[in-house]
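Read off the chains here:
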Amino acid sequence: FDTFKNPEVGFHFADNKDLATNAAIKTGKHPDDLRTLAVDLNFKNAVEITGQRNGFDMGSVLEDLLERKHISEGQFNKAYDKLEKIEDLPFYEPTADLENKLISDTMAEVGVDGFYYNNTFDAGINTMGTGVDVKPSKSYIALNSDQANINKPSPKNQSALAQIEP
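Trainee: I tried to follow the overall build of the protein chain on my own but got confused; where do I start?
Mentor: Each helix and strand in the protein chain was counted, giving four helices and nine strands. Each helix and strand of the protein chain, placed in order from N terminus to C terminus, yields the pattern β-α-β-β-α-α-α-β-β-β-β-β-β. Among the 166 residues that make up the protein chain, the fraction classed as buried is 38%. Long-range pairs, those at least 24 residues apart, make up 74% of the contacts in the protein chain with a sequence separation of at least 6. As displayed, the protein chain has an accessible area near 9600 Å², and 47% of this comes from carbon and sulfur atoms.

Trainee: For this particular structure, what's the right way to read the pairing of strand E7 (residues 137–142)?
Mentor: Moving residue by residue along a regular strand, the side chains alternate between the two faces of the sheet. Of all six residues in E7, five are buried, a share of seventy percent or more. Inspection of the sheet shows strand E1 (residues 11–14) paired to E7 by four bridges, in the antiparallel sense. Looking at the pairing, Ala14 lines up with Ser139 of E7. Relative to E7, strand E4 (residues 114–119) runs antiparallel, the two being bridged by six bridges. The residue bridging Phe115 from the neighbouring strand is Ile141, located in E7.

Trainee: Any chance you could explain unusual backbone geometry here in plain terms?
Mentor: For residues that are not glycine, phi is negative in most cases, and the peptide bond is trans in most cases. Of note in this structure, Lys69 is not a glycine but carries a positive phi near 65°. One can find Lys69 in the loop between helix H2 (58–67) and helix H3 (73–87).

Trainee: Looking at this structure, I do not really get the packing of H2 against H3. What am I missing?
Mentor: What describes two packed helices is the angle between their axes and the distance between those same axes. At a closest axis distance of 10 Å, the pairing of H2 and H3 adopts a crossing angle of 175°. Accordingly, the angle class assigned to the pair H2 and H3 is roughly antiparallel. Listed contacts from H3 to Met58, Gly59, Leu62, Glu63 and Leu66 of H2 are Glu73, Phe76, Ala79, Tyr80 and Leu83. Residues of the contact of H2 with H3, tallied by class, amount to seven nonpolar, one polar and two charged.

Trainee: Mind showing me how you'd approach the packing of H2 against helix H4 (residues 95–109) here?
Mentor: Following both chains from N to C, one finds H2 and H4 inclined at 15°, their axes separated by 10 Å at the closest point. One element, H2, and the other, H4, form an angle in the roughly parallel class. Of the two possible hands of crossing, H2 and H4 adopt the one that is left-handed. On H4, the residues that touch Met58, Val61, Leu62 and Leu65 of H2 are Glu99, Asn100, Ile103 and Met107. Per-class residue counts for the contact of H2 with H4 are six nonpolar, one polar and one charged.

What counts and how
Residues numbered from 1 in each chain as written. Predicted model: local features only at pLDDT ≥ 70, side-chain atom pairs only at ≥ 80, totals over all residues. Heavy atoms only, no water. Helix = DSSP H or I, 4+ residues; strand = E, 2+ residues; numbered from the N terminus. Buried < 20%, exposed > 50% of the residue type's maximum accessible area, 1.4 Å probe, protein only. Contact = heavy atoms within 4.5 Å. Areas by Shrake-Rupley, 256 points an atom, 1.4 Å probe, with all protein chains shown as cover. Pairing = 2+ DSSP bridges. Axes fitted to C-alpha atoms, helices over the stretch in contact; angles between N-to-C directions. Parallel < 35°, antiparallel > 145°, perpendicular 65-115°, else oblique. Nonpolar A, V, L, I, M, F, W, Y, C, P; charged D, E, K, R; others polar. Left-handed = near helix turned anticlockwise from the far one by under 90°.

What follows is the structure in structure tokens.
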């Protein structure tokens, strides 16, 4: 599955087409340039995290993972120390990419291969004139592209929608 490039933490999916459309619009894409694909996600160990109201703040994600006991206090401290060093870099450094890699690497160390959460950030009225009022629903983040299979249904996997540019 190589449709996505430059993942933010991982590859994002929604279980609702309108929510996926809103998410794509918020990243600067135009609705006319999108198509929806049915995707089966194959997680071995996905964990729930608290939905982020204002996008993903990596410090909050780490705190949530610690609170939910997905990472130990030692792993949290190690990752948080690295995060603080990233945040202290000059503004021209690609800090978002470094933060995303830090979260992905931390999760890989503990055997977590994905997240799911109640997506309130991408809900609401579509800002590109479609007028659709989207209700929050579940979204998923797969940490590896090989976890998503297009049109290969399996009762064990969770189905999601992906928004991509043609």
